[in-house]
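Per-entry structural report
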Amino acid sequence: MSRYEPLGICIYCGETELPDDVPRFGDEHIIPLALGGNLILPEASCKTCEATINRLIETPISSQEWGYFRSKHNFPTRNKRRRKTHVTLKKYDGGPLQVPIRDYPSPVPLYLLSEARILSGRAASIDPLSWTMKVLTEDRSETEMRAKYPEWDGGHQVKIRVHEFARLIAKIGYGYAVAELGYGAFRPIANDIILGRSDDLFELVGGSFDLEAPIDGGDHLLNIDALFVRAGIALVIVRIRLFSAMNTPIYHAIVGEINLYCPSHRAAFEKHRANGRMKNISPWRS
């Protein structure tokens, strides 16, 4: 685990005071622990925002959408008794087929997103065309499953949670930007999406329809860019590739705005431009 310095503030709602019965703010796993994330921003969320994020993002993605994959690969969990051990599939005759997780290919949805609208200028009305989906599975495991269970009809149980996934990308991007640049280094603009106050998800969250080549031993990858949209004003963009050891796309979340006329923003920008934490600083493309 890699830990940043504690903040003592909720990065989502800005709360600085805790109830008498709560000793500290909660630690934020930038990428959820359930997906193998190992970056922790200590004392960075209040109980209310934690509960909202768990309900809107963590449970639908970690437990429902990625549950079988996580169990098969023994990803971390805070409740081992709830770890899935079997999956119920169908036989050719329509009857149920119980399969141990160790034998199951454990497919998961792989969402391919178009560029975020704030970057592309697309109209909100075409959001239904903002994404498509492939099923990420393990070919060898699929072949072995068919050989071992010839009565299996070949169907899978895949839960589609694209809107929750978009919120997850926004959460990862925002948490990473705060951890790397500092709270107060920019004006947050993605928190309404993260906390469910906005359903305009693809305004600030996007990606690519291209899959990147696997990286041997690769982990989750994150980078921060700054894109100047007008004089003195830049968008903070976090680029995210989950599970880079597989054929996965690069996502992006626009999580904040830097105003160089604000002294704290300017100081943080100059500091992180010098230390390389902002990988790419570019002007708005015409």
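Presented here is a report on the structure given in the accompanying data block. Source: prediction; values computed, not measured. (Residues numbered from 1 in each chain as written. Predicted model: local features only at pLDDT ≥ 70, side-chain atom pairs only at ≥ 80, totals over all residues. Heavy atoms only, no water.)

So, helix H5 (residues 162-181)
Within an α-helix, residues lying three or four positions from one another point in the same direction, as the helix has 3.6 residues per turn. Let me state the cut-off plainly: A run of DSSP states H or I qualifies as a helix once it reaches four residues; a run of E qualifies as a strand once it reaches two. Both are numbered from the N-terminal end. For a helix, the expected span equals 1.5 Å multiplied by the number of residues minus one. Burial here depends on accessible area, computed with a 1.4 Å probe over protein chains only, as a share of the maximum for the residue type. Under 20% is buried, over 50% is exposed, and the range in between is partly exposed.
For H5, spanning 20 residues, the distance from its first C-alpha to its last is 28 Å, which sits close to the expected 28 Å at 1.5 Å a residue. The buried count for H5 comes to 18 of 20 residues, which makes it a mostly enclosed element. Positive phi appears at Gly182, one or two residues downstream of H5, with a value of about 110°.

With respect to the packing of helix H1 (residues 47-65) against H5
When two helices pack together, their arrangement is given by the angle between the helix axes and the distance between those axes. Test applied: Structural elements are reduced to axes, namely lines fitted to C-alpha atoms, with helices fitted over the stretch in contact, and the angle between N-to-C directions of any two is expressed from 0 to 180 degrees. Angles below 35 degrees are treated as roughly parallel, those above 145 as roughly antiparallel, those between 65 and 115 as roughly perpendicular, and all remaining angles as oblique. It is the rotation of the near helix from the far one that decides the hand of a crossing: anticlockwise by less than a right angle makes it left-handed, clockwise makes it right-handed. We call two residues in contact whenever any of their non-hydrogen atoms come within 4.5 Å of each other. Following the grouping adopted for this structure description, the nonpolar residues are Ala, Val, Leu, Ile, Met, Phe, Trp, Tyr, Cys and Pro, the charged ones are Asp, Glu, Lys and Arg, and the polar ones are all others, Gly among them.
Their axes nearest at 9 Å, the elements H1 and H5 cross at an angle of 115°. When the interaxial angle is binned, H1 and H5 end up roughly perpendicular. Note on packing geometry: the crossing formed by H1 with H5 is left-handed. Contacts between H1 and H5 involve Ile53, Leu56, Ile57, Glu58, Pro60, Ile61 and Glu65 on the former and, on the latter, Glu164, Phe165, Arg167, Leu168 and Lys171. Tallied by class, the residues present in the contact of H1 with H5 amount to seven nonpolar, no polar and five charged.

Considering the sheet that holds strand S1 (residues 2-3)
Selection criterion: Two strands qualify as a pair provided DSSP detects at least 2 bridges between them.
In space, the three strands of this open sheet follow the order S1-S3-S2, with mixed pairing throughout. Each edge of the sheet is formed by a strand with only one pairing partner; in this case those strands are S1 and strand S2 (26-29). Relative to strand S3 (residues 39-45), S1 is paired through two bridges, and the arrangement is parallel. Residue pairing in the sheet places Ser2 in a bridge with Leu39 of S3. On top of the sheet, H5 reaches S2 and S3; it is set at about 85° to S3, its chief contact.

Notes on the environment of Gly175
Among the secondary structure elements, Gly175 is positioned in helix H5. Those residues in contact with Gly175, other than ones at most four positions away along the chain, are Ile11, Ile30 and Leu41.

Points about the nonpolar core
To keep things clear, this is the line we draw: Put simply, a nonpolar core is a bunch of buried Ala, Val, Leu, Ile, Met, Phe, Trp, Tyr and Cys residues held in one set by side-chain atoms that sit within 4.5 Å of each other.
Counting residues in hydrophobic clusters, the biggest one holds 72 residues, and the most contacted among them are Tyr12, Phe186 and Val255. Top contributing element to this core by residue count: H5, with 13 residues. Those residues in contact with Tyr12, other than ones at most four positions away along the chain, are Glu28, Ser45, Cys49, Ile53, Lys171, Tyr174, Asn191, Ile194 and Leu195.

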